[in-house]
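# Inside the fold
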Amino acid sequence: MLNLPKEFILGAATAAYQSEGATKVDGKGRVLWDYFLEEQGRFSPDPACDFYHQYPLDLKNCREFNITSLRVSIAWSRIFPDGSGRIEPKGVAFYHQLFKEMRTNGIEPYVTLHHFDTPEVLFSQGDWLNKEMIDHFVNFAIFCFKEFSEVRYWITINEPTTLAKQQRITGTFPPGEKFQFHKCFQQQHYMNVAHARVVNKFRELRLPGEIGIVHAIQTVYPYTDKESDRTAALRQDVLENKFLLDGTLKGSYSLELLGMVDTILAENQQERISITERDLAELEQAARKVDFVGVNYYYSKFIEAYNGPSEFIHNGTGTKGSAKRKIANVGQEVFRNDLPMTDWDWPIYPKGLGDTLKRIHNDYPQVKAIYITENGLGMKESPDQSGNINDSARIEYIESHLKEVSNVIKEGVPVKGYFVWSLQDMFSWTNGYNKRYGLFYVDFVTQERIPKQSAYWYKELIERKGKI
Ligand code: BGP
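Conventions and cut-offs
Residues numbered from 1 in each chain as written. Predicted model: local features only at pLDDT ≥ 70, side-chain atom pairs only at ≥ 80, totals over all residues. Heavy atoms only, no water. Helix = DSSP H or I, 4+ residues; strand = E, 2+ residues; numbered from the N terminus. Buried < 20%, exposed > 50% of the residue type's maximum accessible area, 1.4 Å probe, protein only. Pairing = 2+ DSSP bridges. Axes fitted to C-alpha atoms, helices over the stretch in contact; angles between N-to-C directions. Contact = heavy atoms within 4.5 Å. Patch = residues over 30% accessible without salt bridge, like charges linked within 9 Å, V, L, I, M, F, W, Y side chains within 5 Å. Areas by Shrake-Rupley, 256 points an atom, 1.4 Å probe, with all protein chains shown as cover. Salt bridge = Lys/Arg side-chain N within 4 Å of Asp/Glu carboxyl O. Lys, Arg positive; Asp, Glu negative; His and termini not counted. Charge placed at Lys NZ, Arg CZ, Asp CG, Glu CD. Phe/Tyr/Trp six-rings, centres within 6.5 Å; stacked < 30°, edge-to-face > 60°. Near = heavy atom within 4 Å. Polar contact = N/O pair within 3.5 Å; in protein donor to acceptor, adjacent residues only side chain to side chain. Nonpolar A, V, L, I, M, F, W, Y, C, P; charged D, E, K, R; others polar. Left-handed = near helix turned anticlockwise from the far one by under 90°. Parallel < 35°, antiparallel > 145°, perpendicular 65-115°, else oblique.

## Re unusual backbone geometry
Geometrically, the link from D46 to P47 is a cis peptide bond, its omega value of 0° lying close to zero. Positive phi, normally seen in glycine, also occurs at A22, with a value near 45°. Its location among the elements puts A22 in the loop between α1 (16–19) and α2 (32–40). Non-glycine residue K465 carries a positive phi angle of around 50°. Following the sequence through the fold, K465 ends up in the segment after α15 (453–463). The class of K465 is partly exposed, set by a relative accessible area of 48%.

Okay, structure coming up:
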């Protein structure tokens with residue numbers, strides 16, 4: 001039995017590069033992924049689910065299925081093809097049309113400014129490791145704030161942890177670097193500063209609306225109670241979560257935290273990162289001014305001490321049991337046999353979401369509102385003989401995570417909404433097209449949409465105001 005507050009928002013989420021397709025039309029500039037995917041040759045971001053042309057259909061589906069809040073992102077390189085300077089009017093016009101169509105269908109846009117899609121020109125200049133990227137990002141953000149007055153909810157950056165980790169540690173995001181801990185932390189810091197500068201500008205310009213950031217949080221637990229496992233879990237948490245959470249929600253890094261960062265760097269023979277007084281002042285100011293934090297949660301990690309060489313094998317095909325995740329002088333992930341696992345080796349553990357929400361509330365009490373901005377289950381799916389998609393596992397997944405949300409709300413944690421990832425099937429950055437998350441099935445050849453069983457369930461949940 002689910003019992004969410006009646007004003008609780010139940011929405012869905014998308015991201016530009018994964019859904020729009022149309023990467024070469026209407027003057028769109030290239031992004032970091034274009035070359036990386038071309039070189040890999042595994043799959044193409046075109047046509048994805050062709051949201052660029054099919055959005056009226058997707059928004060109509062939202063309306064018919066009671067979804068009145070939708071997360072979308074603005075592709076930076078549709079507006080500024082080179083990341084800065086020249087503006088592409090067709091890109092600007094597209095987002096005006098999109099927001100207009102959303103309003104016509106009674107849908108509130110929650111808009112992300114950076115969802116993994118740095119323009120190629122800026123990527124080639126160092127991406128988030130080049131401090132000038134921050135200036136360009138602030139300019140892009142200010143342009144969007146002033147231009148798109150249709151938007152009331154802004155998200156600065158999606159999942160800084162995923163970007164930093166997958167670009168610099170696991171090698172699964174472009175440029176594909178591995179175990180560059182110094183770069184990972186430096187990039188995290190610069191993204192914290194970029195987020196802070198955008199928030200501070202937003203307030204300085206006295207713009208209407210609300211602004212926040214979206215963090216992916218994989219809740220980290222020690223595999224056993226041994227001290228060595230507890231230390232490993234703490235380090236993993238610093239690497240993935242705490243440095244970003246403290247930087248954006250507390251607005252400072254404690255000496256203890258910086259000490260742990262230095263230890264991880266020193267033990268991996270890498271230099272310390274640079275942080276200026278001015279950066280810290282920006283962080284401190286922004287943490288007081290942020291309106292909400294978004295939490296993307298998919299799975300938790302159980303970490304055991306590990307001192308061998310770093311080894312990371314990405315399961316990007318859905319071949320269960322093929323992943324390895326070991327980080328030297330940090331820890332290795334243990335896959336527990338007692339927990340259900342997705343085909344991509346992500347343990348399903350709803351309690352991790354509840355624990356993370358409580359942690360945010362306890363450690364960052366000034367956070368006024370939390371949204372689950374992504375949560376969902378990736379599966380290999382196809383219609384059955386009668387053309388239906390029975391995704392009861394997804395319903396179970398969503399329901400069990402929403403139960404955790406409902407429990408922590410009763411304990412006083414200010415969770416205001418939940419956005420299922422994803423509205424429709426789309427392309428997954430490192431897994432391509434066979435990892436489907438949508439409430440709506442997409443035939444990527446014909447672009448036909450079919451509501452899955454989960455879409456009907458979600459519709460009813462919204463109709464019954466979170467009580468089912
Ligand atoms: C988050 C991203 C999304 C989406 C989701 C699912 O990290 O914000 O863009 O991709 O994860 O991940 P994946 O596609 O790797 O299964």
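Further notes follow.
## Some remarks on the sheet that holds strand β4 (residues 153–158)
Taken in spatial order, the eight strands of this closed barrel run β1-β2-β3-β4-β5-β7-β12-β13, and their pairing is parallel. With direction set aside, neighbouring strand axes in the sheet form an average angle of 25°. Looking at chain direction, strand β3 (residues 108–114) and β4 are connected through four bridges and run parallel. In the strand pairing of β4, V111 is matched with W154. On the sheet, helix α7 (residues 132–147) packs against β3, β4 and β5 (210–216) and is oriented at approximately 160° with respect to β3.

## Describing the environment of I450
Here I450 is to be found in strand β15 (residues 449–451). On the accessibility criterion, I450 (18% relative accessible area) is buried. Between the C-alpha atom of I450 and that of W128, which follows or precedes it by 322 residues, the distance is 39 Å. The residues contacting I450, other than those within four sequence positions of it, are P383, G387, I389, L439, F440 and Y441.

## Let's talk about a positive patch on the surface
Residues K6, K410, K465 and K467 make up a contiguous surface patch of positive charge. For K467, the location among the structural elements is in the segment after α15. Since its relative accessible area comes to 30%, K467 is described here as partly exposed.

## Some thoughts on the packing of aromatic side chains
For the coordinates displayed, the defined rule picks out 42 aromatic pairs. A centroid spacing of 5.7 Å and a plane angle of 50° characterise the contact between W76 and F137, whose relative ring orientation is tilted. Placement of the pair is W76 in helix α4 (residues 76–79) and F137 in helix α7, with a sequence separation of 61 residues. F137 matches W76 in its accessibility class, with the two residues each being buried. Geometrically, the ring pair formed by Y221 and F302 is stacked, given 5.3 Å between the ring centres and 15° between the ring planes.

## Looking at the site of the ligand
Taken together, 15 residues surround the ligand, and among them Q18, E159, S428, K435 and Y437 come closest. One nitrogen or oxygen atom from the side chain of Q18 is found 2.6 Å from an oxygen atom belonging to the ligand. E159 places a polar side-chain atom, nitrogen or oxygen, 2.4 Å from an oxygen atom of the ligand. Here the shell around the ligand is composed, by residue class, of six nonpolar, six polar and three charged.

## A closer look at the sheet that holds strand β10 (residues 324–327)
Strand order in the open sheet formed by five strands is β6-β8-β11-β10-β9, with mixed pairing between adjacent strands. The open sheet terminates on both sides in strands that have one partner only, identified here as β6 (220–222) and β9 (311–313). Ignoring strand direction, the axes of neighbouring strands in this sheet form an average angle of 30°. Pairing between β9 and β10: three bridges, direction antiparallel. Residue E311 lies in a different strand from β10, and its bridge partner there is K326.

## Notes on the packing of helix α14 (residues 392–410) against α15
Geometry of a packed helix pair, given as the angle between the helix axes and the separation of the axes. Where α14 meets α15, the axes come as close as 8 Å, and the angle between the chain directions of the two elements is 35°. Considering the relative orientation of α14 and α15, their crossing is right-handed. The segment α14 lies against α15, with S392, R394, I395, I398, E399 and L402 engaging Q453, S454, W457 and L461. Of the residues contributing to the contact of α14 with α15, the split by class is five nonpolar, three polar and two charged.

## Describing the packing of helix α9 (residues 181–204) against helix α10 (residues 227–250)
In contact at an axis separation of 9 Å, α9 and α10 are set at 25° when each is read in the N-to-C sense. Comparing the axis directions of α9 and α10 gives the class roughly parallel. The two elements α9 and α10 cross, and the hand of that crossing is right-handed. In contact with F181, C184, F185, Q188, H189, N192 and H195 of α9, α10 contributes V238, L239, F243, L244, G247 and T248. Classifying every residue of the contact of α9 with α10 by side-chain character gives seven nonpolar, six polar and no charged.

## Let's talk about the pairing of β10
Alignment of β10 against strand β11 (residues 331–333), held across two bridges, turns out to be antiparallel. Note that in β11 the partner of K326 across the bridge is Q332. What sits between the antiparallel neighbours β10 and β11 is a turn of three residues, in which N329 has the positive phi angle 60°.

## A closer look at the side chain of R71
By secondary structure assignment, the location of R71 is in strand β2 (residues 69–73). Owing to a relative accessible area of 0%, R71 belongs among the buried residues under this scheme. Reaching out from R71, the side chain makes a polar contact with the side chain of N158 at a distance of 2.9 Å.

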